[in-house]
Amino acid sequence: MKEITYINPVLLIAVPLALAFIIPILKFVWEKSIKWIPVAGFLFDLIVSITLIPIVLQKNIIVKIGGTTTPFSINLVVGPAGLLLSIMISLAGFLVAIYALKYIQEGDKTKYHILFMLLLTGAIGVVLTGDIFNLFVFFEVLCISSYALVGYLGNRAGIESSIKYLIQGSIGSSLLLVGIGLIYGQYGTLNMADLAAQIKTADSISLFVPMFFMITGLGIEAAIFPLNSWLPDAHSSAPSSISAVLSGIAIEVGLYAMMRILFTIFAAESFMGFLLFLGVITLLIGEMSAFSQNNIKRMLAYSSIGQIGLIVFAFSIATASGLSGGFFQMISHTLNKALLFLATGFMIYRTGSMEISSFRGLGKKMPLTALFFTIGTFSIIGLPPFVGFASKFLIFKAALAKQELLFIILIAVIILTTVIEGAYFFRIIQTLYFKESDDKSSKQESAITALIPMFIFALLILILGIYPNWIMKFIHSAASELLNKMSYLRSVLG
Amino acid sequence: MKKFFSLILLIIIVVGMIYTIHQIPFGKNQSKIGKYFVANGKDETGAANIVTSVVVGYRSFDTLGEVTVLFLAAIGLGAILTTTKKQNHDIEKASLILNTGCRFLFPLVLLFSAYIFIHGHLSPGGGFQGGAVVASGFLLIYLACPGKRINKVGNTISESVGGLIFIILGAIGLFVGDRYFLANFLPKGELNTLFSAGIIPIIYIALGFKVGSELNSVIDKMMEES
Amino acid sequence: MILFYMMIFAFVGAFLIYFAGKSFPRIKEILAVVISFLLFLFVALLYGKDFQINYHNFLGFHLFLRINMFSWLFALTITFLGFLSIIFSLSYMKDKKNNAFYYMNMLFVNIAMLGIVLAGDLISFFIFWEIMSWSTFLLISYKKGSALPASMKYIIMSIIGSLSMLIGILYLYDLTDTTIISQLSHIIRFINKGDVIFVVILFSIAFGIKNAVIPFHNWLPPAHSEAPSPFSAILSGILIKMGVYGFLLLFYVIIGLDIIFHLTGLTIVLNVLAAITIIFPTFLAILQNDAKRLLAWSTVAQAGYIFMGITYGTELSVAGGIFHFLNHAIFKALMFLAVGAIEYRTKGIRDLNSLGGFIKKMPFTFAAMLIGAMGLIGLPLTNGFVSKWLIYKTLILNGSPFLAFAALIGTWGTILYSYKLIHNIFLGQLPAKFENIQKAPFSMKMPMMILSTIIIFFGILPGIPLQFINKIIVSFGYHPLNVSLFGIVSDSGNLNIINILAATFVIGVLIVLFFRSGRKSVRVDQYDNYAAGSFIPKEKYSYTNSFYAPLDRFLNSFLKDYIDIFYCKSAALIRHFCNGIRKIYTGYVGSYVMYILLFLAVLIFVQLNWSVF
Amino acid sequence: MDFLYNYIYYIGAFGLILIGLYILLVKHNLIKMIIGLSILETGVNLFIITLGYLDNGTAPIFSKENLESNMMVDPVPQALVLTAIVIGLAVLALALSLAIRLYDSFKTLNLKKIKEQKW
């Protein structure tokens, strides 16, 4: 068979890393260019990721690093699922980097850009790697840069949230490391495919304990219910561009890593029933906590918890259509939440307050920003013709296809949460458009560099909402890759 | 009450770990990949120190991530500490003996660190350890001679260039030989000599510089604060 | 593909209005009128067509648009009323800022409703249903202030409804493997009854909420009274009738006659609900002092008649229900427009206690309101008479005296509140502050005129709409009614408007003669009367103050909207509960660490002891 | 006794993990919590190193000729721990810098008193 030539996917990680390392030197040479570096880096990643799609749809790309023999050296496994996440990460990174050109005015900007790049590079590393220890390392890259970015503004809230996040996150990574150690001690290998080949399915306590450790460790970053206390603080205190990335990317990457471990390594079918409940509880808690918030970023953060719960629910259905729904919901959540946070960022910037009541009359003052915010809101509630509808639709469809009473009850709970979600989001819409503001100052639209990424997000929300079929093939293959342990094994071990 | 409850939780967790540990005989067997590395490491990478061949050879991607983490720590620390107001403390001058002693020791410490990271592939040690020693040298100066600061430009450049060399060496591997990232494309040389193990010593030297300067910048920031 | 292009055209047009509104403010109104008229024209030209097209593929579901007699009638009503209320808006919205937004949403609502009735499969039905929900939300909120809680109520109920419908659709899909309506109607008979009832309940929640069937009615009165009046007309006239359309679609097209009426328990429940929906809102309407809120409650009650008609399930009742839908759309729209004209001229006053005597100032509006009220009550020679006749007839004939009695009580109540409405606005004494009130502008008169004409026209010639309705009920599988131009011939009694016309003419002549003879009486001023020397304040003579006071006192004590109170209480409870839930995020990092370790420990403990996973 | 001899490293590692977690659970002072994190990390590192231990094994360095490769301890845990230590160091540095800032802003390190971000 003719070998397909492609750009080596390791560049997805190496190039942003190299660019991040260059930035400190650039500071002495050409300081103005620094803020364009993340834009360039993620544009490169986006293009490379997209060019890889047709190859990946045929078979997984296995990239060896630092050695040729498979279980002994680290490898990247670029499958549809990983590539899908990687595209989302680079897209969000690219657009948020454009947004940050004007938005970031405070603090040490050079360091912001470095941290931002490394945050997303770590995320790409997590989704592409095929080695659990390497996953841990990139996970730490992701976590540490987010600790630093949450405290970046240096205000009271930021520092407090950052330190709390750091404590919880470090416990998480320690637990993850214990889990990895327990697994390594038993099987003597770190390669996911090799592990998966030795573990047929999780059945004994000696497998469950490391699994629980890893679930807890990753669950902290993935913001599953009892582990998500850091999230509302961190997401509401970070600069809005970072909140967009944290909400849109970081927690989903954590979730992806968790699901990869559950499905590929442990194949823990029996654990999925528990996760199903956990997902619904997370959803319920998140939406209920968001309901009576007055701080808009905190509300959005709680709403992220809810969305994560929905994604967990979708993944735990553990059928191909359930996983497709989960992936679609991930995409939709990334687009929606990133858009919402970006729009909110400039709204806060103009009004100087995070209280929802201070946004009165912004529909007139910042018409485009408010319009984009509205689109994001409608989409996240799941109203057609926006992308959130397509994803919720898929999840409901997958859950009902199980034809069990349990799923109907769980869906009733999900409906309840959607109603709560609608209640608090529509309240903001009313505040934006239908309440008079006190001051009569003239138009203060967001900066153009902020409007462009918002516009692209909104456009994607609309287009994918109307034509979800365009990405369905990709999502289906991502779902079947994640679900089908054996094909993953075959592709890696040959 | 809370303490009691905490203890119960922790005991449950540890009991779980003990159950799992039963599956792992202590001190009996090498792991699957461990065996392979010990058996083939010196032939495949040319490094006498198998730990080094794992760290910079087989699992060098981890090391790249690790360097990134350290870089992040330095950057993040800087980002967090930039916005504080600088307070001027009157720092008491160190005594003459301490001062002179440190100045005397400083080059020796640097020399020692250079030895450690250059010989990383031959003996216990390597870039990280060497870098830590470099930083300890600078720490000595900071403690003994208040008011002395490192050259920030030089430090930043060595920090960046160290990382870049790592990535560029890795990327060259994409174009030569087996065409994979971080391939050891240089000749392996003879085992147990300084010029052996291909790119490993080069990477370790770069890492030594990078780690050293990163720790320096951490120390520098921390010293500014106090 | 013509249907698809029509929808695309309308959507593009709506956006165009919004963006034109930014740069060329005059164009947007012209555009809105032209687009809505063209939509009306398109739909009218589609008469008699019967086809469906596949226009899109959504996540593996084929989406269809379809037209037949059934959807044509609804589509025509929608586009027609939409067109008229946009014309009415021209002056109503003239001095409002930001009315491009209004026109865009107005068109969105119309297009979405058009999409609902043209949808050939349940997925596109749902999509248009949701688009309708959110654009309606934006329109109800449009007037700010107290409109905000009203629209909130609306959208929350609406989300509940539409999601349960979505579950119903997907459940049905799992059972039948299709969402296309024409295929569903064939497959549905192979499904067991329990599943059918489950699906019917899920859909009924959605349609019941839109149709404001008790106990889902609570969003309607505030929403109708707070919306801009032209939109209230649409809201009351057709938007809530999308529920009716949905019920018809579900019962007669998808499930079919031979199944649905074997589920006897279900139809009895629905009938009783309909009866309740007729009685209570009628009496609540009597108690209202806000003109639009009165009309809103009246809408709930009339929706009950329609619901009664279509759930009763004989050919007469179904025809009556559909006809009453059509009639109600016309006269309720007319009444809302008339109130809107009053509101426009009085700068937003709708309080019945402070209006009065407008008959001299706005005679045309009075005439329109009178005709509308006659239709609402169901006086002969108006369209409401025929449809109510059909419903009564079938209730009595088929031996449902209680339901008939309920309908009758409803009509009595209707007379009371219609009279209150007309009296308090137009009759009695004109408050001093309204001395300089002007007549309604032409763009308001024109829609009112057209609608009044139609009421009389359908009242005299009910055969014309009934022919269309006949075709619809035949497509449902009923026997056709024997319809002539002037009435209905059936074995149990004929309806012939000619006779009524003749009788009315005779009575009219008698009345004229009678009043001619009484012409000699002397007209005196209102204050020119004897008060035994004491000074009587003017308000004493203002009959409009607390009209029906004794009835009010009697009913007020035990006629409250308990269901709304229940909903509000439970909403408050949920809010309270939510507030409690978020207290788990205590702010103390030690407890967060505790959560983490608790999670891990519980998992390990459970697995160690019971091995559940 | 035999048990203690066989498992002493595990007991030490688990003890450290337990102590670290216990500190994190019951202490309010940020510095103490950071110390707890450090102890936890040390415990985990010790645990992983212990996994690679071989009775009477030698360091995996071919410093002399004719060394038996199967008498060498597992090099992988050492490599992993090297990484883990560096990561721990990074976290520690960041935590300390945050502690400095926290003290600047709140004038206290008692986390029970720092509860602005809640609910």
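Please read all numbers here as calculations on a predicted model, not as lab measurements. (Residues numbered from 1 in each chain as written. Chains lettered and ligands numbered in written order. Predicted model: local features only at pLDDT ≥ 70, side-chain atom pairs only at ≥ 80, totals over all residues. Heavy atoms only, no water.)

**Things to note about the overall build of chain A**
Reasoning step 1: Scanning chain A for helices and strands turns up 20 helices and 2 strands.
Reasoning step 2: Computed over C-alpha atoms, the radius of gyration of chain A comes to 21 Å, within 12% of the 23 Å expected from 2.2 N^0.38 for 494 residues, which places it in the range of a compact globule.
Reasoning step 3: Taking all 494 residues of chain A together, the buried fraction comes to 76%.
Reasoning step 4: Approximately 11900 Å² of chain A is accessible, and the part contributed by carbon and sulfur atoms is 65%.
Reasoning step 5: In chain A, which carries 30 positive and 23 negative side-chain charges, the distance between the mean positions of the two groups comes to 6 Å. (Helix = DSSP H or I, 4+ residues; strand = E, 2+ residues; numbered from the N terminus. Rg over C-alpha atoms; globule rule 2.2 N^0.38 Å. Buried < 20%, exposed > 50% of the residue type's maximum accessible area, 1.4 Å probe, protein only. Areas by Shrake-Rupley, 256 points an atom, 1.4 Å probe, with all protein chains shown as cover. Lys, Arg positive; Asp, Glu negative; His and termini not counted. Charge placed at Lys NZ, Arg CZ, Asp CG, Glu CD.)

**Some remarks on the overall build of chain C**
Reasoning step 1: A tally of helices and strands in chain C yields 24 helices and 5 strands.
Reasoning step 2: Computed over C-alpha atoms, the radius of gyration of chain C comes to 26 Å, within 12% of the 25 Å expected from 2.2 N^0.38 for 613 residues, which places it in the range of a compact globule.
Reasoning step 3: Referenced to the eigenvectors of the C-alpha coordinate spread, the extents of chain C come out at roughly 105 × 65 × 55 Å.
Reasoning step 4: When burial is assessed residue by residue, chain C has 62% of its 613 residues classed as buried.

**What to know about the packing of aromatic side chains**
Reasoning step 1: Under the counting rule described, the total for this entry stands at 90 aromatic pairs over all chains.
Reasoning step 2: Ring plane angle 55° and centroid distance 5.8 Å describe the contact between tyrosine 103 of chain A and phenylalanine 346 of chain A, whose orientation is recorded as tilted. On the criterion of sequence distance, the pair formed by tyrosine 103 of chain A in helix 3 (residues 80-103) and phenylalanine 346 of chain A in helix 13 (residues 320-351) is long-range, its members being 243 residues apart.
Reasoning step 3: On the basis of relative accessible area, phenylalanine 346 of chain A is assigned to the buried category, the value being 2%.
Reasoning step 4: Aromatic side chains phenylalanine 108 of chain C and tryptophan 134 of chain C sit 5.9 Å apart centroid to centroid with 75° between the ring planes, which places their arrangement in the edge-to-face category. Residue phenylalanine 108 of chain C is found in helix 4 (residues 99-118), and its partner tryptophan 134 of chain C is found in helix 5 (residues 122-140); the two are separated by 26 residues along the sequence. (Phe/Tyr/Trp six-rings, centres within 6.5 Å; stacked < 30°, edge-to-face > 60°.)

**Re the pairing of strand 2 (residues 61-67) of chain C**
The two faces of the sheet receive side chains in turn, since in a regular strand these alternate between them.
All names here are of chain C.
Reasoning step 1: Across the 7 residues that make up strand 2, a large majority, 6, are buried.
Reasoning step 2: For strand 1 (residues 51-58) and strand 2, the ladder comprises 7 bridges, and the chain directions are antiparallel. Considered in strand 2, the bridge of asparagine 54 is made with phenylalanine 64.
Reasoning step 3: The antiparallel pairing of strand 1 with strand 2 creates a hairpin that spans 2 residues between the two strands, and leucine 59 there sits at a positive phi of about 50°. (Pairing = 2+ DSSP bridges.)

**A look at the interface of chain A and chain C**
The extent of an interface is frequently quoted as the accessible surface area lost upon association of the parts.
Reasoning step 1: Residue-level contacts link 70 residues of chain A with 58 residues of chain C.
Reasoning step 2: Across the chain A/chain C interface, buried area totals approximately 6100 Å², and carbon plus sulfur atoms make up 80% of it.
Reasoning step 3: Interface area lost by chain A to chain C is led by Phe393, Gln430 and Phe434 of chain A, which between them contribute 12%.
Reasoning step 4: Counting the contacts that link chain A with chain C gives 1 salt bridge.
Reasoning step 5: Close ionic contact of lysine 144 of chain C with glutamate 436 of chain A constitutes a salt bridge, the shortest N to O distance being 2.8 Å.
Reasoning step 6: Connecting chain A to chain C are 12 residue pairs in polar contact (both at pLDDT 80 or more).
Reasoning step 7: At 13 residues, helix 17 (residues 405-434) of chain A tops the list of elements feeding residues into the side of chain A that touches chain C.
Reasoning step 8: Looking at side-chain class alone, the side of chain A that touches chain C contains 48 nonpolar, 15 polar and 7 charged residues. (Contact = heavy atoms within 4.5 Å. Buried area = accessible area lost by both parts, 1.4 Å probe. Salt bridge = Lys/Arg side-chain N within 4 Å of Asp/Glu carboxyl O. Polar contact = N/O pair within 3.5 Å; in protein donor to acceptor, adjacent residues only side chain to side chain. Nonpolar A, V, L, I, M, F, W, Y, C, P; charged D, E, K, R; others polar.)

**Quick look at the interface of chain C and chain B**
Reasoning step 1: In this assembly, 9 residues from chain C lie in contact with 10 residues from chain B.
Reasoning step 2: For the pair chain C and chain B, the summed buried surface comes to about 820 Å²; carbon and sulfur atoms form 92% of the total.
Reasoning step 3: Seen at the junction of chain C and chain B, the total is 0 salt bridges.
Reasoning step 4: Taken together, the connections running from chain C to chain B amount to 0 residue pairs in polar contact (both at pLDDT 80 or more).

**Section: unusual backbone geometry**
Residue and element names in this part refer to chain A.
Reasoning step 1: A cis amide bond, omega 5°, links proline 384 with the succeeding residue proline 385.
Reasoning step 2: Take proline 385: it is sitting in the loop between helix 15 (367-381) and helix 16 (387-401).
Reasoning step 3: Positive phi, normally seen in glycine, also occurs at alanine 223, with a value near 60°.
Reasoning step 4: Residue position: alanine 223 is located in the loop between helix 8 (205-222) and helix 9 (230-237).

**Thoughts on a positive patch on the surface**
Reasoning step 1: Residues Lys2 of chain B, Lys583 of chain C together with Lys112, Lys115 and Lys118 of chain D make up a contiguous surface patch of positive charge.
Reasoning step 2: Examined against the element boundaries, lysine 2 of chain B turns out to sit in helix 1 (residues 2-21).
Reasoning step 3: For lysine 2 of chain B, a relative accessible area of 34% corresponds to the partly exposed category. (Patch = residues over 30% accessible without salt bridge, like charges linked within 9 Å, V, L, I, M, F, W, Y side chains within 5 Å.)

**Considering the packing of helix 5 (residues 132-150) of chain A against helix 10 (residues 240-266) of chain A**
Axes are the key here: two packed helices are described by the angle between their axes and the distance separating the axes.
All names here are of chain A.
Reasoning step 1: Packing of helix 5 against helix 10 leaves a shortest axis separation of 12 Å and a crossing angle of 160°. Classified by the angle between their axes, helix 5 and helix 10 sit roughly antiparallel to one another. The handedness of the crossing between helix 5 and helix 10 comes out as left-handed. The segment helix 5 lies against helix 10, with Ile132, Leu135, Phe139, Leu142, Ser146, Leu149 and Val150 engaging Ile242, Leu246, Ala250, Val253, Gly254, Ala257 and Ile265.
Reasoning step 2: Looking at the contact of helix 5 with helix 10 residue by residue, the class counts come to 12 nonpolar, 2 polar and no charged. (Axes fitted to C-alpha atoms, helices over the stretch in contact; angles between N-to-C directions. Parallel < 35°, antiparallel > 145°, perpendicular 65-115°, else oblique. Left-handed = near helix turned anticlockwise from the far one by under 90°.)

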